[in-house]
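A look at the structure
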Amino acid sequence: MKVITITEMDVRDLRFPTSLLADGSDAMHADPDYSCAYVTIKTDNGVSGHGMTFTLGRGTEIVVEACKSMSRLVKGERADEIFANFGSFWRKLTSDSQLRWIGPEKGVTHLATAAIVNALWDLWARIEGKPVWKLLADLSPEQLVSTVDFRYITDVITKEEVIKMLREKESGKAEREKFLMINGYPAYTTQVGWLGYSDQKVRQLCHKFLKLGFTSFKAKVGQNVQDDIRRCQLIRESIGYKNNLMLDANQTWDVPEAIEWVKKLAQFKPIWIEEPTSPDDILGHAEIARNLKPYGIGVATGEMCANRVIFKQLLQAKAIQFCQIDSARIGGINEILSVYFMAAKFGVRVCPHAGGVGLCEMVQHLQMWDFISLSGSSDGRVIEYVDQQHEHFEDTINIENAHYMPPSAPGYSTKFKNSSLLDYEYPHGREWQRLFQNGTFQKPID
Ligand SMILES: [Mg+2]
């Protein structure tokens, strides 16, 4: 790669007023306004990279400030040098001797890391003229492991082991890529069961997604057990028992409460209970998993895991049967790759979290790379799908017969349309000004 220098890093606060329709509502987040901190990295050769981390509205301004604080580590750097040894740059980004005190590798600074790192991968893929899934699949095993910081996980997995795992899968890569181009990657829908939706709406949506070819459906639970029984009953009446049902409590329960509550829903044969308790409680998840195993219910979590160390311990403790990486969290692609490596070693299936803003756009690339290069299989694996906020992206996702079809445009599918930037930048975007003026939302206090 020729010499390319990063000249600028812009950060924007983008918010979408999704709370108006209760889209995305669950047991812990009753009124999310899906939002993101949006990073654009500019270079002296005219190519820009775009990345984001996902947020729920208030607080996005804090993530934006964290990105700005970290921009000194990015501006003026050589992009070609970053990509030649991305793992070292990732460590530099997460190891600033002063900034790390307010993390380290967790919370707002790590969300900011994800936004910046995702923008760098988009930049790299655009320079190479490939979608990110293809860029990842075309890297040699040695190049791929050079993007990952193995600090804190070598007790579980080493570079050498990963290279061996990747080499073992090399022979079938071309066929799997061809298969993917024709068939896509299976998706499941969460849209039937947001907690704020009426029974009638849930029923309608079940039928809509059945017609579209979906075979896996997820419902939010955890506010009232009688309501959950009623909603699970009506979803099962709509989708039958041949299709899959998953449940998601979004961290609402204590450990014993989670076990008792989910036992009451076991009659509806869910395949997993997602985020039953605090995302930091590794041993709690293990206890839940042990107790629900006889019912055939697995534990799923990961969308709010802080970093690879938490994932490592969840896997070590047999606390999860489904690993839910999130494209906008932990430290972006580099750290997410390390989670894929560990999950593969433990034989745990990765079923990515998506939805929100840009999460479907990004995570499809990672799961497709996994299919081609690492796990070599989509058996029992699905990517979450929600059909909202896709219209804001230049390269939007393409779902056919309930499958994500591989993106073909260069990059990470993360670039917003200019019109969406003008409408939804907070608080000065055109749509926000309109919502303040008509009293739907209150103007933020300066
Ligand atoms: Mg969830």
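As the structure is a computational prediction, the values presented were derived from the model and not from experiment.

1. Let's talk about the overall build of the protein
Within the protein, the regular secondary structure consists of 17 helices and 13 strands. For 446 residues, the compact-globule estimate of 2.2 N^0.38 gives 22 Å, and the protein sits close to it at 21 Å. Each principal axis of the C-alpha distribution contributes one length, and for the protein these read about 60 × 60 × 45 Å. Nonlocal contacts in the protein, meaning residues at least 24 apart in sequence, comprise 75% of its contacts between residues at least 6 apart.

2. Focus on the domain arrangement of the protein
What the domain assignment reports for the protein is domain 1 (6–166 + 418–436) and domain 2 (170–404). On a C-alpha basis, the centroid separation for the pair domain 1 and domain 2 is 22 Å. Each partner contributes residues to the interface: domain 1 has 45 residues there, and domain 2 has 49 residues. Of all the secondary-structure elements, those providing two or more residues to the side of domain 1 that touches domain 2 are β2 (35–43), β3 (48–55), α3 (86–94), α4 (107–128), α5 (132–138) and α7 (159–168). The leading source of residues in the side of domain 1 that touches domain 2 is α4, at 7 residues. When the residues that make up the side of domain 1 that touches domain 2 are grouped by side-chain class, the tally is 28 nonpolar, 12 polar and 5 charged.

3. Topic: the packing of helix α10 (residues 225–239) against helix α11 (residues 255–265)
Closest axis-to-axis distance for the α10/α11 pair is 10 Å, and the angle between their directions is 35°. Crossing handedness for the pair α10 and α11: right-handed. Contacts between α10 and α11 pair V225, D228, I229 and C232 from the former with W261, K264 and L265 from the latter. A per-class count over the contact of α10 with α11 returns 5 nonpolar, no polar and 2 charged.

4. Quick word on the environment of V117
Position of V117 among the secondary structure elements: in helix α4. V117 sits 218 residues away from E335 along the chain, and the two C-alpha atoms are 9.7 Å apart. Setting aside anything within four residues of it in sequence, one finds V117 in contact with G51, W90, G331, G332, I333 and N334.

5. Re the sheet that holds strand β1 (residues 6–15)
The sheet built from 3 strands is open, its strands ordered β1-β2-β3 with antiparallel pairing. Here the strands that pair on one side only, and so sit at the sheet edges, are β1 and β3. Here the average twist between neighbouring strands, direction ignored, is 15°. Relative to β2, β1 runs antiparallel, the two being bridged by 9 bridges. Within β2, the residue paired with L14 across the bridge is C36. Of the strands in this sheet, β1, β2 and β3 are in contact with helix α1 (residues 60–70), which crosses β1 at around 175°.

6. A short note on the UniProt feature "domain: Mandelate racemase/muconate lactonizing enzyme C-terminal" (unreviewed entry) in the protein
Per the UniProt record, "domain: Mandelate racemase/muconate lactonizing enzyme C-terminal" (unreviewed entry) is found at residues 199–295. Each end of residues 199–295 is marked by a C-alpha atom, and these two atoms are 27 Å apart; helix forms 52% of the span and strand 13%.

7. With respect to the nonpolar core
A37, V39, C67 and I116 are the most contacted members of the largest nonpolar core, which totals 138 residues. In terms of residue count, α4 provides more of this core than any other element does, 14 residues in total. Taken domain by domain, this core gets at least three of its residues from each of domain 1 (6–166 + 418–436) and domain 2 (170–404). Aside from chain neighbours lying at most four places away, what touches A37 is V11, D13, M52, T53, T55, T60, V63, V64, C67, A112 and A115.

8. Things to note about unusual backbone geometry
Here the bond from G103 into P104 is cis, since omega is -15°, no more than 30 degrees from zero. Inspection of the secondary structure assignment puts P104 in the loop between α3 and α4. Cis rather than trans, the peptide bond between Y426 and P427 has omega equal to 0°. Phi angles above zero are rare outside glycine, and K269 is one such case at about 55°. By secondary structure assignment, the location of K269 is in the loop between α11 and β7 (272–274). Given 14 C-beta atoms within 10 Å, K269 falls into the partly exposed group.

9. Things to note about the environment of F83
Within the element layout of this structure, F83 appears in helix α2 (residues 79–84). Note: C-alpha distance between F83 and W124 (41 residues apart in sequence) is 7.3 Å. Setting aside its immediate chain neighbours within four residues, F83 contacts M1 and W124.

10. What to know about the pairing of β3
When you tally the buried positions in β3, you get 7 out of 8 residues, the bulk of the element. Both β2 and β3 contribute to a ladder of 8 bridges, which runs antiparallel. Residue pairing for β3: I41 is matched across the bridge by G49. Taken together, β2 and the strand that follows it, β3, pair antiparallel across an intervening segment of 4 residues, in which G46 is found at a positive phi of about 90°.

Thresholds, definitions, all that
- Throughout this description, residue numbers start from 1 for each chain and increase along the sequence as written.
- Since the coordinates come from a predicted model, pLDDT governs what is reported: local features require at least 70, and pairs of side-chain atoms require 80 or more to be given and counted, while whole-chain, interface and lining totals use all residues.
- Secondary structure elements are defined from DSSP: runs of H or I of at least 4 residues count as helices, runs of E of at least 2 residues count as strands, and each element is numbered from the N terminus.
- We compute the radius of gyration from the C-alpha atoms alone; for a globule the expected value is 2.2 Å times N to the 0.38, where N is the number of residues.
- Two residues form a contact once the distance between their C-beta atoms, set from the backbone, is within 7 Å.
- An automatic or database domain assignment provides the domain bounds reported here.
- Side-chain classes are defined by residue name, with Ala, Val, Leu, Ile, Met, Phe, Trp, Tyr, Cys and Pro counting as nonpolar, Asp, Glu, Lys and Arg as charged, and the others, Gly among them, as polar.
- The axes used here are C-alpha line fits, helices contributing only the stretch in contact, and every angle between their N-to-C directions lies in the interval 0 to 180 degrees.
- In this scheme the crossing of two helices becomes right-handed for a clockwise turn of the near helix relative to the far one and left-handed for an anticlockwise turn of less than a right angle.
- Strands qualify as paired when DSSP identifies two bridges or more between them.
- UniProt positions are given in the numbering used here, feature names are shortened, and annotations may be inferred rather than shown by experiment.
- Only buried residues count toward a nonpolar core: Ala, Val, Leu, Ile, Met, Phe, Trp, Tyr and Cys, linked into one set through C-beta atoms within 7 Å.
- The exposure label follows from counting other C-beta atoms within 10 Å of a residue's C-beta, where the C-beta atoms are placed from the backbone and the thresholds are 20 or more for buried and 12 or fewer for exposed, leaving partly exposed in between.

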